[in-house]
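In case you want the letters, here they are:
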Amino acid sequence: MKKRKKNRNVAIIGIGQTSLSSHKEDQNQVEMVQEAVINALQDANLTINDIDCIVHGNMELFEMQFAPDLWHSLGSGARGKDEYRLTTGGTVGMTLVCAADNLVASGLYDTVLAVSIQKLQEGNTTGGITNMADPLWFRNLQTGALTGTTATELINEFGEERAKRAAMKYRIMMDKHAMLNPRAHRRFGLEYEQGPDLAATSPQLVGELRLIHMCSQSDGACAMILTSEERAKKGTAKPPVWIRDHIQAHREETIPNLFGYVKPEMTHHYCARKLYERNGITDPVEYFDVFEMYDPSAWWAVDWLREFFLLKGDEHLQMLERGDFDLDGRIPINPSGGVIASNPISATAMLRAAEAALQIRGDAGPHQIKREVKHALASGFGGTFWTALMMLEKDLDWQEVENG
Amino acid sequence: MAEYFGATVADIFNTMPKRFKPEEAKDVDILIGYEATGEGGGMWTAHIKHGTLTVSKVEELKGCKTTVHADAETFVGVTLGKITAIDALTSQKLRVVGDPRLLMTLLPKVFVPFTVIPKKKEINVRDILATTESRFRPDKAEGVAMNVGYDLTGAGGGQWTLQIKDGQCKVREGFADVLTVKLIMDAGVYAGMMLGTIDGTAAFTSGQVRIEGDMMAAAATGRFFHKYADPGAQEAEELICLRVTNAIDQRFASGPVMGKWFAGLREKKFLANKCPECGRTQIPPREICAICRVRVTEFVELGPAGTVTNYDLVYFASPDPLTGAGRDTPYAPIYVVLDGSTESEAFAFELKKEDLSRIKVGARVRPVWAEKPTGSFRDLIYFEME
């Protein structure tokens, strides 16, 4: 793939979130959007008059509300402004940041507000996800985002004991991170000693995918404000975080094509390989200081770490077992607690970029990494195997690589 | 008794009969056991049978189809919705032995949700009786003439008579000469019944209320009055939750390529199409090969038997998008590379339920077809192991 030609650099200058929970009976969707937007504007010390364009994202299939941006404009401030609505599945939130970046980089707009919202309690998530399957064939088989196939594969590859231990180690590590994040939805206070008991007794959803391994269904909204280098250099309320590059890929194929005798390259691996290649990154584990990964289940997370870091054999398990992915480890994964802790689907992928940016700014809160964070990676995921991967930088000093 | 979120575990069970919706439980026959541990806990059973409910406090849980276990705080929290059930289940603070779907499906259907009843600081029977005349509904008491005596014992108690006659109701202190019925109970029990914290039928059954005289008349009085509303209770914010069920009638055109696939099913054949460039056999067939970006027109028959490459043994009942009903679990979609297929082109379908326990990667399977195929996904019933 040829190098992307970026017209000008783009910075994240405002970040706003709502708390994430399954109990937002006291707020409707408009109020959630407004809360996130106000928080982002305050964070950037801007008013809605400073925003040139709004990009709105929501997975309409879940709440079954067509054109939700019309309703949400009461909270987003879109009236009288250019607005675009995007719906790309689990990746929505990350797609919004990519689109906002492209809109600013193109020169069409100077300052763009991206806002994402999901209120899963008002819809049917598994039912909605099931409807992504081809209506003519396979929809009768689809079980939402639940699958035990990755667990089966990991158990076959690494043995039952080690694979199950790795999934629980990851799950409890995420809970420990979530315990530090006051906004996280599910904070159980799990201890590593509970791993074997939970792995054996937690209710089975699909095969060895158990309730404890799976992400939540949450309500939440997230907003981010992006602006041009020129504007950012005139002064920002908080340190700007620079968007270096991003990539998206998805599979046209039906799901069963992942389960032949020969496995195709996963979109995660493809995106990571291409992104590192065109940015001259040879050792991603060494280069990045944090990775906010879209981790819908502990099994997928363990498997995907190998894909995203282009690792071989059991390197990812060794790193996990050594504690390399802990908050104070070599390359911390999801200081926020990740998707397993909080999953307001459309906002989920944006939260990965938002939390990665907060880590770079150094004001993530109690779950801030103690070391300096200069280079961050954030991923989004959606059906049917759609990957969005983004690189964020603290300093505007990276080397342009000629490889196209 | 220990309170959590403003309620006790006993409150939940005491209000159960009042919250029960018999019309929703006509076809239900189940004994559910509950164990709340720690301070304020205990064991209860709820027997729902053909529209009736029996709640009992028990010493052990025997013969229950499903049992629910939690510490008292989690128990109250989940019941009130202050703690999310799925989170409590995930962290195992709440355990369900048997069918956990009951909590999400049956119980919300047959019970009105439990809410904390705001308690008045002082129970004042006189305050309640002062509202009786204004709560009277003459339209419900047409032609009724009776004197109902209340003998309320204990602190704040006293004796009163409700005189209902000629579409009017009067409350008098003391007993009338002739009483149709007399109710004898503690003043606190009366206040609790009026506030909804104590179930009248349960109080009578347990002997907290004694009835002298016409029992039927006592049971009928409730109808003649609007419910008592505690003026001291905090006015809740008006937060309304609207329930909507969408049913959508849809039709999809297959196009010629999938049309050929469905026509093949009618003859009990798997018709894949083969890319002229890379040679892969696409199943189900697709208009183009997305990798080579060329039209694919050559059809080849695969299988019908094949080899299992992976499978999903599903225990969680997701809704069937074709009907909206919860699926019958467990079931297993399996991934199969059919004989004659290229190696990365797997096919998926459901496995015969009887074969669930034997399924493994590498197993050989064959299709079982409908007797009279019509050209739809229903033509293939399932795969069974050879």
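Participant: So what about the sheet that holds strand β5 (residues 94-97) of chain B? Which residues, and what values?
Facilitator: Residue and element names in this part refer to chain B. Pairing in this open sheet of 5 strands is mixed, and the strands run β3-β2-β1-β4-β5 from one edge to the other. Both outer strands of the open sheet, β3 (52-58) and β5, are each paired with one neighbouring strand and no more. Between one strand axis and the next, the sheet turns through 15 degrees on average, direction left out of account. Two elements, strand β2 (residues 42-49) and β3, share 7 bridges in a ladder whose sense is antiparallel. Pairing of Ala-46 across the sheet is with Val-55, part of β3. This element, helix α3 (residues 72-80), spans β1 (29-37), β4 (66-71) and β5 of the sheet and lies at about 110 degrees to β4.

Participant: Break down the environment of Gly-303 of chain B for me, with residues and values.
Facilitator: Residue and element names in this part refer to chain B. Mapped onto the elements of the fold, Gly-303 is located in the loop between β15 (298-302) and β16 (306-311). Along the primary structure Gly-303 and Pro-100 are separated by 203 residues, whereas in three dimensions their C-alpha atoms are 39 Å apart. Among all residues touching Gly-303, those that are not within four sequence positions of it are Phe-270, Leu-338, Asp-339 and Gly-340.

Participant: Help me get a handle on the domain arrangement of chain A, residues and values and all.
Facilitator: Residues and elements named next belong to chain A. According to the domain assignment, chain A contains domain 1 (10-126 + 217-232) and domain 2 (134-212 + 243-393). Look at where the C-alpha atoms of domain 1 and domain 2 centre, and you get two points 23 Å apart. On the side of domain 2, 30 residues touch domain 1, which itself brings 38 residues to the contact. When contributions to the side of domain 1 that touches domain 2 are tallied by element, the ones reaching two or more residues are β1 (10-17), α4 (92-106), β4 (111-119), α5 (125-130) and β7 (219-228). Class assignment for the residues of the side of domain 1 that touches domain 2 results in 17 nonpolar, 19 polar and 2 charged.

Participant: How would you sum up the sheet that holds strand β12 (residues 281-282) of chain B? Please name residues and give values.
Facilitator: Residues and elements named next belong to chain B. Spatially, β12-β11-β15 is the arrangement adopted by the 3 strands of the open sheet, whose pairing is antiparallel. At either end of the open sheet lies a strand with only one pairing partner, and these are β12 and β15. With 5 bridges connecting them, strand β11 (residues 270-274) and β15 associate as antiparallel partners. Bridged to Asn-273 within β15 is Phe-299. Sheet strands in contact with helix α12 (residues 255-266) are β11 and β15, and its direction is about 145 degrees off that of β11.

Participant: So, the domain arrangement of chain B: which residues are in play, and what are the values?
Facilitator: Along its sequence, chain B is organised into domain 1 (9-110), domain 2 (125-224) and domain 3 (255-385). One C-alpha centre belongs to domain 2 of chain B, the other to domain 3 of chain B, and the line joining them spans 69 Å.

Parameters and conventions
Residues numbered from 1 in each chain as written. Chains lettered and ligands numbered in written order. Predicted model: local features only at pLDDT ≥ 70, side-chain atom pairs only at ≥ 80, totals over all residues. Pairing = 2+ DSSP bridges. Helix = DSSP H or I, 4+ residues; strand = E, 2+ residues; numbered from the N terminus. Axes fitted to C-alpha atoms, helices over the stretch in contact; angles between N-to-C directions. Contact = placed C-beta atoms within 7 Å. Domains from an automatic or database assignment. Nonpolar A, V, L, I, M, F, W, Y, C, P; charged D, E, K, R; others polar.

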